[in-house]
Amino acid sequence: MALRFYNSLSQHLEPFSPQDGRTVRMYCCGPTVYHYAHIGNLRTFTFQDILRRWLRSSGFALDNVMNITDVDDKIIRAAMGQGKTLQEYTAEYEAAFLEDMATLRLERPEHVVRATEHIGEMVELIQQLGAKGFTYESDGSTYYRIARFPEYGKLSHNDFGGMIAGARVDVDEYDKDDARDFVLWKQKKEGEPSWDTPIGDGRPGWHIECSAMAMKYLGSTLDIHAGGIDLQFPHHENEIAQSEAVTGKPFARFWLHAEHLIVEGQKMSKSLGNFYTLRDLLALGCAPETVRYLLASVPYRNKLNFTMEGLKAAATAIERLRNFELRLRSERFAEDKNAAATERAAAATARFREAMDDDLNTAGALGVIFEFLRDTNSAMDAGQFGIENAHEGLVLLSLFDRVFDVLRPTATAGGLSDDAVAALVAERVAAKKARNFARADEIRASLDAQGIVLEDTKDGTRWKRK
């Protein structure tokens, strides 16, 4: 099966390859740094990371831009409320976001760009729109004239034929299905940050930021534009209108949108007490890779119901995978190669790739891995498994983990004391004597996850820290 994605623009699954056949030019909408990212935001960023990793596993190079929105209505209100400059206010949350990315093992795109560092590009784009008759001024601000762009609505698939001509909206975010001329450049207001430019003393509207930055780094036509479904309208619709009005070319060939995350079956909100940041979950004792696993486990176009039981299930799933990897690495197998086991690994690898090629069907891919785990454990128990088969299994796990990245335990500060390790080693020895091998394996895997390596010798069990 060839790699294919669901394109929000066409509303169809389409085969994908980059324009030049080699490098994927991709723009991903990044965070608005006015607060800590919540798990709904992180679901979208995890999807974008899985997308990056699978494109690379498919043999493509990446030229990926992610923006940092460090000026918009929410940020300005918050900064002014705290008596801080824009940079003083956003620096904390930008650093926190990049830290969250690293904690969740989200790869850093090739370009992470701040809006405030691209004001010149935005002004130039607005000037080009003006020269082509797509803008007008009102009360010192510059607006985009939607009526001049007949294809407006082609991404959100809404019919805006009945919109009120000349109706304007000044705020960066507004109600869905409320098509109005949107602001490109806002006249300076007392106390607000502003830039003195050829089009006036003011600041950019939110939508112009992404168009300017995307085209600066990636050219007129992107291969992929990705983001959350909440951005499809008006933000992405407005990006298309701005960009294509200037270039006359398609702005993005593929639009990929991640669905919403809900918590325990309800919309996430602080009033319901179900609002979580990554920091909240870490404080509850969740390992970062457990959060990553759960966020990646549901295909990106499906809503994800984030639950505490789901986190527990994710932790159990990761432990099973780590125990399986440990068995493949440490158990003694026959010198010969079992043909059925080889065929099983090859079939699982092909099916894993097919699932991921099918619009990043992560649930299907995980199903393949756990079916392989179960069948391979049975084969090992039956003695129908050889050393080369173990290598084949590890190759498949490596392919899996290059995308999901959950097998490596997160290093923890401090860790187990020497006395605690010694007690667990003694418990493991006792479990083996009692032929409770499941408990013995569980202890070994748990110690390994915490950086403790065991070595069974004729003189007893030795241990060391990694």
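Scroll up a little and you will see the structure.
The rules behind these values
Residues numbered from 1 in each chain as written. Predicted model: local features only at pLDDT ≥ 70, side-chain atom pairs only at ≥ 80, totals over all residues. Heavy atoms only, no water. Helix = DSSP H or I, 4+ residues; strand = E, 2+ residues; numbered from the N terminus. Buried < 20%, exposed > 50% of the residue type's maximum accessible area, 1.4 Å probe, protein only. Contact = heavy atoms within 4.5 Å. Lys, Arg positive; Asp, Glu negative; His and termini not counted. Charge placed at Lys NZ, Arg CZ, Asp CG, Glu CD. Pairing = 2+ DSSP bridges. Axes fitted to C-alpha atoms, helices over the stretch in contact; angles between N-to-C directions. 1 Å grid on protein atoms, 1.4 Å probe; cavity = no way out; pocket = protein on both sides within 12 Å on 5 of 7 lines; lining within 4 Å. Points joined across faces, edges and corners; volume = space filled by probe spheres on them. Nonpolar A, V, L, I, M, F, W, Y, C, P; charged D, E, K, R; others polar. Phe/Tyr/Trp six-rings, centres within 6.5 Å; stacked < 30°, edge-to-face > 60°. Expected span 1.5 Å × (residues − 1). Arc of directions from axis to C-beta. Core = buried A, V, L, I, M, F, W, Y, C linked by side-chain atoms within 4.5 Å. Parallel < 35°, antiparallel > 145°, perpendicular 65-115°, else oblique.

Participant: Where do I start with the overall build of the protein chain in this structure?
Facilitator: Of the regular secondary structure elements, the protein chain holds 14 helices and 17 strands. Taken over the C-alpha atoms alone, the protein chain extends approximately 85 × 50 × 35 Å along its principal axes. Counting the 466 residues in the protein chain, one finds 49% classified as buried. Partitioning the contacts of the protein chain with sequence separation of at least 6, the portion at a separation of at least 24 is 76%. In the protein chain, which carries 57 positive and 69 negative side-chain charges, the distance between the mean positions of the two groups comes to 4 Å.

Participant: What am I meant to see in the sheet that holds strand β12 (residues 222-228) here?
Facilitator: Hydrogen bonds along the backbone pair up the strands of a sheet, which may run parallel or antiparallel. Overall, parallel pairing links the 5 strands, which are arranged β5-β4-β3-β12-β13 in an open sheet. The outermost strands of the open sheet, each flanked by one partner alone, are β5 (111-114) and β13 (252-258). The sheet shows a mean angle of 20 degrees between the axes of neighbouring strands, taken without regard to direction. Judged from the 4 bridges that link them, strand β4 (residues 61-68) and β5 form a sheet pairing that is parallel. Residue pairing in the sheet places Ile-68 in a bridge with Arg-114 of β5. Contacting β3 (23-28), β4, β12 and β13, helix α1 (residues 39-57) runs over the sheet at an angle of about 150 degrees to β12.

Participant: Would you take a moment to explain the layout of surface pockets for this structure?
Facilitator: It is a probe the size of a water molecule, rolled over the atoms, that shows where empty space is left. Size it by volume and the largest pocket reaches roughly 1300 Å³. If you go around the largest pocket, you meet 43 residues; those closest to its centre are His-38, Asn-41, Glu-173, Asp-230 and Leu-231. Broken down by secondary-structure element, the contributors of at least two residues to the lining of the largest pocket are α1, α3 (86-103), α5 (206-218), β12, α6 (232-247) and β14 (261-263). Looking at the lining of the largest pocket, the element that brings in the most residues is α1, giving 5 residues. A per-class count over the lining of the largest pocket returns 21 nonpolar, 14 polar and 8 charged.

Participant: Help me out: how do you make sense of the side chain of Thr-44 in this one?
Facilitator: Mapping Thr-44 onto the fold places it in helix α1. Classification of Thr-44 by relative accessible area gives buried; the value is 10%. Ignoring anything within four residues of it in the chain, the contact list for Thr-44 reads Gly-227, Gly-228 and Ala-258.

Participant: What should I look at first to understand the packing of aromatic side chains in this one?
Facilitator: Aromatic rings in a pair are described by how distant their centres are and how their planes are angled relative to each other. Taken as a whole, this structure holds 18 aromatic pairs when the rule is applied. Judged by centre distance (5.0 Å) and plane angle (65 degrees), the ring pair of Phe-45 and Phe-97 falls under edge-to-face. Residue Phe-45 is found in helix α1, and its partner Phe-97 is found in helix α3; the two are separated by 52 residues along the sequence. The residues Phe-45 and Phe-97 share a single accessibility class, namely buried. Seen in terms of ring centroids, Phe-400 and Phe-404 are 4.9 Å apart; in terms of plane orientation they differ by 20 degrees. Their pairing is stacked. Of this pair, Phe-400 and Phe-404 both sit in helix α12 (residues 387-404), 4 residues apart, which is roughly one turn of the helix. One exposure class covers both Phe-400 and Phe-404, and it is buried.

Participant: What is the right way to read helix α4 (residues 119-131) from this model?
Facilitator: Over its 13 residues, α4 runs 18 Å from end to end, which matches the ideal 18 Å to within 8%, given 1.5 Å per residue. Taken residue by residue, α4 has Ile-119, Met-122, Val-123, Leu-125, Ile-126 and Leu-129 as its buried positions. In an axial view of α4, the angular spread of the buried residues amounts to 160 degrees, which keeps them on one side of the axis.

Participant: How should unusual backbone geometry be read in this particular structure?
Facilitator: Each neighbour pair has its own omega, and for Phe-233 with Pro-234 the value is 5 degrees, a cis peptide bond. Assignment of secondary structure puts Pro-234 in helix α6. The residue Gln-11 is not glycine, and still its phi comes out positive at about 60 degrees. Relative to the helices and strands, Gln-11 resides in the loop between β1 (4-7) and β2 (12-15). With a relative accessible area of 42%, Gln-11 lands in the partly exposed category.

Participant: What is the right way to read the nonpolar core from this model?
Facilitator: Counting residues in each nonpolar core, the largest one holds 129 residues, and the members touching the most others are Phe-5, Leu-51, Leu-55, Tyr-144, Tyr-152, Ile-224 and Phe-352. A per-element tally of this core places helix α11 (residues 362-381) first, with 9 residues. Not counting residues within four places of it along the chain, the set of residues in contact with Tyr-152 comprises Ile-146, Phe-160, Tyr-174, Ala-179, Phe-182, Phe-233, Glu-237, Asn-238 and Ala-241. Core analysis: the next-biggest nonpolar cluster, separate from the first, contains 6 residues, Val-421, Ile-443, Ile-452 and Leu-454 among them.

Participant: In this structure, what is going on with α1? I would like to understand it.
Facilitator: In an α-helix, one full turn covers 3.6 residues, which means residues spaced three or four apart are oriented alike. Helix length check: α1 (19 residues) gives 26 Å between terminal C-alpha atoms against 27 Å at 1.5 Å per residue, within 8%. α1 sits mainly inside the fold: 17 of its 19 residues count as buried. Gly-59 sits one or two residues past α1 and shows a positive phi near 100 degrees.

Participant: Where do I start with the environment of Gly-460 in this structure?
Facilitator: By the element assignment, Gly-460 lies in strand β17 (residues 460-465). Between the C-alpha atom of Gly-460 and that of Val-429, which follows or precedes it by 31 residues, the distance is 8.8 Å.

Participant: Please clarify how the pairing of strand β6 (residues 135-138) should be interpreted in this entry.
Facilitator: Each regular strand displays side chains that alternate between the two surfaces of the sheet. Bridge count between β6 and strand β7 (residues 141-144): 4 bridges; the pairing is antiparallel. Bridge pairing in β7 places Thr-135 opposite Tyr-144. What sits between the antiparallel neighbours β6 and β7 is a turn of 2 residues, in which Asp-139 has the positive phi angle 55 degrees.

Participant: Would you take a moment to explain the packing of helix α10 (residues 339-357) against α11 for this structure?
Facilitator: The description of two helices packed together rests on the angle between their axes and the distance between the axes. Two elements in contact, α10 and α11, have axes whose closest approach is 7 Å; the angle formed by their N-to-C orientations is 170 degrees. Taken as axis vectors, α10 and α11 run roughly antiparallel relative to one another. Along its contact with α10, which presents Arg-344, Ala-345, Ala-348, Arg-351, Phe-352, Ala-355 and Met-356, the element α11 presents Thr-362, Gly-364, Ala-365, Val-368, Ile-369, Glu-371, Phe-372, Asp-375, Thr-376 and Ala-379. When grouped by side-chain class, the residues that make up the contact of α10 with α11 number 10 nonpolar, 3 polar and 4 charged.

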